[in-house]
Amino acid sequence: MSVLLDTLLEGSPVYGVLDAKDGVLLFRRSGFEQEFTDLAAEVMEAGNDEFEVIALTNSDAQCDRLFIAPLTEDRSFDPFL
């Protein structure tokens with residue numbers, strides 16, 4: 001796992017972290033809209049062969065969540081061999 005991903009999983013005052021079945025969800029905390037937008041842009045740009053980032057938006061078309069899926073782990077929907 002990359003250093004960036006390890007750091008993101010620690011959380012911050014700007015966002016919280018929820019464990020999801022095939023990754024993690026970063027969610028924006030109230031009052032940190034611009035900081036989260038800046039973070040989302042940075043994380044989207046840093047996506048690499050280790051993880052994929054999917055930006056999720058609210059009804060106002062603002063990114064308020066990021067789903068991060070590690071690409072080096074088995075997914076729950078992968079067929080059993």
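1. A closer look at the overall build of the protein
Part 1 of the reasoning: Helix and strand content of the protein: two helices and four strands.
Part 2 of the reasoning: Starting at the N terminus and ending at the C terminus, the protein contains elements arranged as α-β-β-α-β-β.
Part 3 of the reasoning: Relative to its 81 residues, the protein shows a buried fraction of 30%.
Part 4 of the reasoning: For the protein, restricting intrachain contacts to residue pairs at least 6 apart in sequence, the fraction spanning at least 24 positions comes to 38%.

2. Examining the nonpolar core
Part 1 of the reasoning: Membership of the largest hydrophobic core comes to 15 residues, with the highest contact counts inside it found for L8, Y15, L26, F36, V43, L66 and I68.
Part 2 of the reasoning: Breaking this core down by element, the ones donating at least two residues are α1 (3–8), β2 (23–28), α2 (33–46), β3 (51–57) and β4 (63–70).
Part 3 of the reasoning: For this core, the element with the most residues is α2, which contributes four residues.
Part 4 of the reasoning: In contact with Y15, not counting residues within four places along its chain, are T7, L8, L26, F27, R28, R29, F36 and L39.

3. Thoughts on the pairing of β4
Part 1 of the reasoning: The buried fraction of β4 amounts to six of the eight residues, a majority that puts the element mostly inside the structure.
Part 2 of the reasoning: Across four bridges, the pairing between β2 and β4 is antiparallel. Bridging across to β4, F27 finds its partner in R65.
Part 3 of the reasoning: The pairing of β3 with β4 spans seven bridges and is classified as antiparallel. Paired with E52 across the bridge in β4 is A69.
Part 4 of the reasoning: In this structure, the hairpin formed by β3 and β4 is closed by a connection of five residues, where A61 is found at a positive phi of approximately 65°.

4. A few points about the sheet that holds β3
Part 1 of the reasoning: Here we have four strands laid out as an open sheet, ordered β1-β2-β4-β3, and antiparallel in their pairing. On the outer flanks of this sheet lie β1 (15–20) and β3, each paired with one strand and no other. Averaged over all neighbouring strand pairs, the angle between strand axes comes to 20°, with direction disregarded.
Part 2 of the reasoning: Set on the sheet, α2 makes contact with β1, β2, β3 and β4; between it and β4 the angle comes to about 30°.

5. Examining the pattern of salt bridges
Part 1 of the reasoning: One pass over the full model with this rule turns up one salt bridge.
Part 2 of the reasoning: In this structure, D64 and R65 form a salt bridge, with 2.9 Å as the shortest nitrogen-oxygen distance.
Part 3 of the reasoning: Judged by its relative accessible area of 16%, D64 is buried.

6. Focus: a negative patch on the surface
Part 1 of the reasoning: On the surface, a cluster of negative charge is contributed by E33, E35, D38, E42 and E45.
Part 2 of the reasoning: Summarising the element assignment, E45 is placed in helix α2.

About the cut-offs
- Residues numbered from 1 in each chain as written.
- Predicted model: local features only at pLDDT ≥ 70, side-chain atom pairs only at ≥ 80, totals over all residues.
- Heavy atoms only, no water.
- Helix = DSSP H or I, 4+ residues; strand = E, 2+ residues; numbered from the N terminus.
- Buried < 20%, exposed > 50% of the residue type's maximum accessible area, 1.4 Å probe, protein only.
- Contact = heavy atoms within 4.5 Å.
- Core = buried A, V, L, I, M, F, W, Y, C linked by side-chain atoms within 4.5 Å.
- Pairing = 2+ DSSP bridges.
- Axes fitted to C-alpha atoms, helices over the stretch in contact; angles between N-to-C directions.
- Salt bridge = Lys/Arg side-chain N within 4 Å of Asp/Glu carboxyl O.
- Patch = residues over 30% accessible without salt bridge, like charges linked within 9 Å, V, L, I, M, F, W, Y side chains within 5 Å.
- Areas by Shrake-Rupley, 256 points an atom, 1.4 Å probe, with all protein chains shown as cover.
- Lys, Arg positive; Asp, Glu negative; His and termini not counted.
- Charge placed at Lys NZ, Arg CZ, Asp CG, Glu CD.

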